[in-house]
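If you want the building blocks of each chain, they are given just below.
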Amino acid sequence: MEIISNLLLMLRHLLFFFILFISFGNLFAQSIPSGYPVYEEAIRRGQLIPSKSDSLNHSFLQQPGIKFPNASFEKDLTSIKLGVVPIRLSTFLNSSRPYWYSPQGMIPGKGLQVYASGGVFASHKFFEIDIQPEINAAQNSFYEGYQTLTGPNVDFYFFQALARGDQPETFGDGSYSRIGLGQSKVVGKLGAFEAGVSTRNLWWGPGQWNALTFSNNAPGFFHVTAGTHRPAKTFFGSFEFQLISGLPKSKKFEPFQEDDLNSRVNQFRNRPRYLNALTFSIQPKWIKGFSFGATRTVQTFTDSVSTKKFIDVFPVFWGVSKQQVGSDLVGESDRGRDQQITVFFRQVIPKAGLEFYGEFGRRDHALNLRDLTLSPAHSRAYILGLNKVFNLPGEKLIQVRSEMTQQAQSVNWVVRANSTTPWGTNGTIGGFTNWDQAMGVGAGMGANVQMIELSLVENLNKIGMYFERRAPFADFYDTADLAKNGYKPWVDFTAGPVFDHQWKNLIFSGRMLFTYASNYYWSQELGSQRDVDFPTQNNLFSTSTQVNLIYLFK
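Residues numbered from 1 in each chain as written. Predicted model: local features only at pLDDT ≥ 70, side-chain atom pairs only at ≥ 80, totals over all residues. Heavy atoms only, no water.

A count of helices and strands for the chain gives eight helices and 26 strands. Considering the chain as a whole, with its 554 residues, one finds that 59% of them fall into the buried category. Taking the contacts inside the chain whose residues are at least 6 apart along the sequence as the reference set, 71% of them involve residues at least 24 apart. Of the accessible surface of the chain, which amounts to about 23100 Å², a share of 62% is contributed by carbon and sulfur atoms. (Helix = DSSP H or I, 4+ residues; strand = E, 2+ residues; numbered from the N terminus. Buried < 20%, exposed > 50% of the residue type's maximum accessible area, 1.4 Å probe, protein only. Contact = heavy atoms within 4.5 Å. Areas by Shrake-Rupley, 256 points an atom, 1.4 Å probe, with all protein chains shown as cover.)

Turning our eyes to something else, we now look at helix H3 (residues 154-165). Taking 1.5 Å per residue, twelve residues should reach 16 Å; H3 reaches 17 Å between its end C-alpha atoms and fits that length. Here H3 has its buried residues at Val154, Asp155, Phe158, Phe159, Gln160, Ala161, Leu162, Ala163 and Gly165. Structurally, H3 contributes buried residues whose contacts are with helix H4 (259-262), strand E20 (433-434) and helix H8 (474-479). Of the residues one or two after H3, Asp166 is the one with positive phi, at around 60°. (Expected span 1.5 Å × (residues − 1).)

Here the focus is the nonpolar core. Counting residues in each nonpolar core, the largest one holds 24 residues, and the members touching the most others are Tyr146, Phe476, Leu482 and Trp522. For this core, the element with the highest residue contribution is H3, accounting for six residues. Discounting chain neighbours no more than four positions away, the residues touching Trp522 are Tyr146, Leu149, Phe158, Pro472, Phe473, Phe476, Tyr477, Leu482, Tyr487, Lys488, Pro489 and Trp490. Ranked by size, the runner-up nonpolar core spans 16 residues in total, among them Trp209, Leu212, Val449 and Val498. (Core = buried A, V, L, I, M, F, W, Y, C linked by side-chain atoms within 4.5 Å.)

Now for the packing of aromatic side chains. Here the structure, examined in full by the defined rule, presents 40 aromatic pairs. Taking 4.6 Å as the distance between ring centres and 35° as the angle between the ring planes, the aromatic pair formed by Trp490 and Tyr521 counts as tilted. Pair noted here: Trp490 is in the loop between H8 and strand E24 (491-503) and Tyr521 is in the loop between strand E25 (506-518) and strand E26 (540-551), with a separation of 31 residues, a long-range link. A network of ring pairs unites the aromatic residues Tyr146, Phe158, Phe159, Phe256, Phe473, Phe476, Trp490, Tyr520, Tyr521 and Trp522 as a single cluster. Positioned above the aromatic ring of Phe301 is the side chain of Arg271, whose terminal nitrogen or guanidinium carbon lies 3.7 Å from the ring centre. Above the ring of Trp209, the side-chain terminus of Arg401 is found at 4.5 Å from the ring centroid. (Phe/Tyr/Trp six-rings, centres within 6.5 Å; stacked < 30°, edge-to-face > 60°. Lys NZ or Arg CZ within 6 Å of the ring centre and 35° of its normal.)

We now examine a nonpolar patch on the surface. Judged by side-chain polarity, Leu392, Leu456, Ile463, Phe499, Trp503, Leu506, Leu549 and Tyr551 come together as a nonpolar surface patch covering roughly 680 Å² of accessible area. Breaking the nonpolar patch down by element, the ones donating at least two residues are E24 and E26. Along the chain, Phe499 falls in strand E24. Overall, Phe499 belongs to the partly exposed group, its relative accessible area being 33%. (Patch = residues over 30% accessible without salt bridge, like charges linked within 9 Å, V, L, I, M, F, W, Y side chains within 5 Å. Salt bridge = Lys/Arg side-chain N within 4 Å of Asp/Glu carboxyl O.)

Scope: geometric values only; no functional claims are made or implied.
This is the structure we're talking about:
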């Protein structure tokens, strides 16, 4: 009943916004929220088609900023445009267990989940006011989760990772709901630059399904922003940048579904956090379709920030080595600051209908240049992707999308002390999260995932198949030495059809995914099978039905 009441409240709000602006005319504009279904993929795909590659000047390394193509409802009043953005309604249904994909305000939960967003905007040459609230309601049902495992310190490693990662099995007891400002922002503009406040999701880096720093996996958080809203042209090409300072929400929910397990986890105190982040990318004019850049994030506790000190307010300009910033290793304290640095690139070749990209990140300072040179893979994660389109008669295309994300650490952890926590986690401040969800990679803490999609495409319409291989908690499997303790790896194999179609003002986008979990939670209830000649496994089958409906005010 709570889900139904929340849904009715959401529809009432959206109806109010619609009636408020229904008298205005019809043009187009307004930027697409990060990871928006159908449209973002279509615009990115257009860069691979020579006849449609006019949008090549957008790097897709910093989002939002891409405009809705003739998809919003506007009226030009003198020099101010008012309008209604498309309404989006999403429903996800996960059968036996959560599925990791949970964009924007949604959670990775078992059962039925409903998400909706919509809103209004006012834009001018020198400002933009965009109000796009979102609401989410989920069953958040109980499911079979982690139990204790056999072996020295095995449970300790798992508890340690959860305490440092802030990613719970369920989001409280019973149903879950949240209403927020969602994809809203208020900014002033001057040419290609803007500055203001926002709660929008950020997406930094070239990835399509995941990003090492910011993606749309967690809800957006309140932040002050300054940067570019489109590429700024210079004599050497163009560049984009964004500097933000924000307040992500700290830990709220218990890590496990059982009180006995929760009592054994030494969780961090729920202290408010401050986050400062910077991204910068360049598109040199001498290499068509090529762009590269970097990001840096630093988060700390708000009560340790002195507004009188520049480096406290903007720690992204802090030194990048331990010897520069001071740390326990060199006799000083870094006051709990947690940093991540990534570098990335993207190359688009329209004549070949091809793009490939990559992102590499480290979450821990190197002691000095020698340390970085000798141990570049310490605390690293990376993303690699490749897309290709093949032309068919008419406007039809065959599209191949692919991406891999590696979060489990290299074997460097075996010989290096204090390197047994995965990407996006920290032993002092906790996880790189908002509302207990990872702000970057959504595949799960320490998980590795490979994805490929093969489809037939015409304009916004698509039909195809999606395939995925995911190794949950792969980092924990290595650092806790589960193989030595008699446990085989846990691997999820997922496949299913994808279907997008547009009927005039209505767009439908759906996936029906079937997941076979081989050795689910390492068959924990069967115990260690190190000395068993013919080990058995607990395999689990589940489904995830995902539907997005988008209504365009055209």
